[in-house]
Amino acid sequence: KMAVIKSTLELIKETTQNLTLSYKEKENHQKNEAAGKINGLIQKYLDDIISVSTFKSEMEKSEKTFPEFRQIMETTLLDHLQPESGNPKILKVLEQALGIDTEPLQERISQFHKRMNQERSKIIKSLRDALKKRGLFGSAVIPNPSQDEMLQATLQKMKETFKNQLPTLRGT
């Protein structure tokens with residue numbers, strides 16, 4: 001007797017025909033798909049492959065099939081904000097594609113920069129004083145604040161505070 005040879009496709013169909021995804025599994029799959037699409041859209045935009053208007057139309061298209069798309073997009077974009085940089089592209093897409101008033105965010109970023117510069121100036125002065133006590137001074141002696149652990153710890157704490165305040169800074 002000869003065994004019946006079945007194609008791989010037929011075998012897969014047989015074994016999976018009675019399997020169905022639960023609501024939670026479908027939801028997780030949809031969220032993972034949306035997250036992948038969101039990250040792709042953001043990266044294309046940041047790399048200047050797509051414009052803000054293309055970004056917006058792609059987002060609106062995806063929003064029709066997945067209503068939480070906009071909220072996930074907003075959260076992901078806010079996560080991309082780096083208070084130590086200018087963030088012009090992220091702020092632009094938040095404003096033009098999602099319709100968010102970015103003034104409170106820009107104000108907070110400005111405050112962050114001001115405080116960061118104050119901290120850096122304090123550290124430079126203390127490093128300069130420490131070098132002077134060791135007999136090292138003059139125009140050629142330039143302290144390096146970026147190597148100072150206390151400054152790095154302070155900046156890290158400031159970044160965390162900034163990130164924690166993002167939900168309350170978001171305009172509508």
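Read on for an overview of the structure.

About the cut-offs
- Residues numbered from 1 in each chain as written.
- Predicted model: local features only at pLDDT ≥ 70, side-chain atom pairs only at ≥ 80, totals over all residues.
- Heavy atoms only, no water.
- Helix = DSSP H or I, 4+ residues; strand = E, 2+ residues; numbered from the N terminus.
- Rg over C-alpha atoms; globule rule 2.2 N^0.38 Å.
- Buried < 20%, exposed > 50% of the residue type's maximum accessible area, 1.4 Å probe, protein only.
- Contact = heavy atoms within 4.5 Å.
- Areas by Shrake-Rupley, 256 points an atom, 1.4 Å probe, with all protein chains shown as cover.
- Lys, Arg positive; Asp, Glu negative; His and termini not counted.
- Charge placed at Lys NZ, Arg CZ, Asp CG, Glu CD.
- Core = buried A, V, L, I, M, F, W, Y, C linked by side-chain atoms within 4.5 Å.
- Axes fitted to C-alpha atoms, helices over the stretch in contact; angles between N-to-C directions.
- Parallel < 35°, antiparallel > 145°, perpendicular 65-115°, else oblique.
- Left-handed = near helix turned anticlockwise from the far one by under 90°.
- Nonpolar A, V, L, I, M, F, W, Y, C, P; charged D, E, K, R; others polar.
- Salt bridge = Lys/Arg side-chain N within 4 Å of Asp/Glu carboxyl O.
- Expected span 1.5 Å × (residues − 1).
- Arc of directions from axis to C-beta.
- Phe/Tyr/Trp six-rings, centres within 6.5 Å; stacked < 30°, edge-to-face > 60°.
- Lys NZ or Arg CZ within 6 Å of the ring centre and 35° of its normal.

Next up on the list: the overall build of the chain. A count of helices and strands for the chain gives seven helices and zero strands. Moving toward the C terminus, one meets the helices and strands of the chain in the order α-α-α-α-α-α-α. A compact globule built from 172 residues would reach a C-alpha radius of gyration of about 16 Å, whereas the chain, at 26 Å, exceeds it by more than 25%. Across its three principal axes, the chain shows a C-alpha extent of roughly 95 × 45 × 30 Å. Across the 172 residues of the chain, 27% fall into the buried class. In the chain, the share of contacts with a sequence separation of at least 24, taken over all contacts with a separation of at least 6, comes to 64%. Accessible surface, the chain: about 12100 Å² in total, of which carbon and sulfur atoms supply 53%. Side-chain charges in the chain split into 28 positive and 23 negative, and the spacing between the mean points of these groups amounts to 4 Å.

Moving on: the nonpolar core. Membership of the largest hydrophobic core comes to 32 residues, with the highest contact counts inside it found for Phe55, Phe69, Met73, Leu77, Leu81 and Leu98. Elements supplying a minimum of two residues to this core: helix H2 (23-46), helix H3 (52-65), helix H4 (69-80), helix H5 (88-96), helix H6 (103-133) and helix H7 (149-169). Apart from residues lying up to four places away in sequence, phenylalanine 55 is in contact with Leu41, Ile42, Tyr45, Ile50, Met73, Leu77, Val93, Ala97 and Leu98.

This next bit is on the environment of glutamine 43. Counting through the fold element by element, glutamine 43 comes out in helix H2. Along the backbone, glutamine 43 and isoleucine 123 are 80 residues apart, and their C-alpha atoms lie at a distance of 36 Å.

On to the packing of H4 against H5. Where H4 contacts H5, the two axes come as close as 9 Å, and the packing angle between them is 160 degrees. Compared by their axis directions, H4 and H5 come out roughly antiparallel. In this structure, H4 meets H5 at a crossing whose hand is left-handed. Along its contact with H4, which presents Leu77, Leu78 and His80, the element H5 presents Ile90, Val93 and Leu94. Class assignment for the residues of the contact of H4 with H5 results in five nonpolar, one polar and no charged.

Let us look at the pattern of salt bridges. A side chain with one charge may pair with a side chain of the opposite charge, provided their charged atoms come close. Counted according to the given criterion, the structure contains seven salt bridges. Two residues, arginine 70 and glutamate 63, come together in a salt bridge whose shortest N-O distance is 3.0 Å. For arginine 70, a relative accessible area of 24% puts it in the partly exposed group. Look at glutamate 63 and you get partly exposed, because its relative accessible area is 22%. In this structure, the salt-bridge partner of lysine 159 is glutamate 84, at a minimum N-O distance of 3.6 Å.

Moving on: the side chain of serine 62. Mapped onto the secondary structure, serine 62 falls in helix H3. The class of serine 62 is buried, set by a relative accessible area of 7%. Other than its neighbours up to four places away in sequence, serine 62 contacts Lys37 and Phe69.

Moving on to H3. Across its 14 residues, H3 extends 21 Å between first and last C-alpha, which sits within 8% of the 20 Å expected from 1.5 Å per residue. Regarding H3, the residues found buried are Val52, Phe55, Met59 and Ser62. Looking straight down H3, one finds that the buried residues subtend no more than 90 degrees of arc, so they occupy a single side. For H3, exposure combined with an orientation more than 90 degrees from the buried face picks out Ser53, Lys61, Lys64 and Thr65. Elements in contact with the buried residues of H3: H2, H4 and H5.

This brings us to the packing of aromatic side chains. Each aromatic ring pair is summarised here by two numbers: the centre-to-centre distance and the angle between the ring planes. Applying the stated rule across the entire model yields two aromatic pairs. Aromatic pair phenylalanine 112 and phenylalanine 162: ring centres 6.2 Å apart, planes at 65 degrees, arrangement edge-to-face. Placement of phenylalanine 112 in helix H6 and of phenylalanine 162 in helix H7 is noted, with a sequence separation of 50 residues between them. Pair check on accessibility: phenylalanine 112 and phenylalanine 162 agree, each one buried. In this arrangement the basic side chain of lysine 89 is found over the ring face of tyrosine 45, its NZ or CZ atom lying 5.0 Å from the centre.

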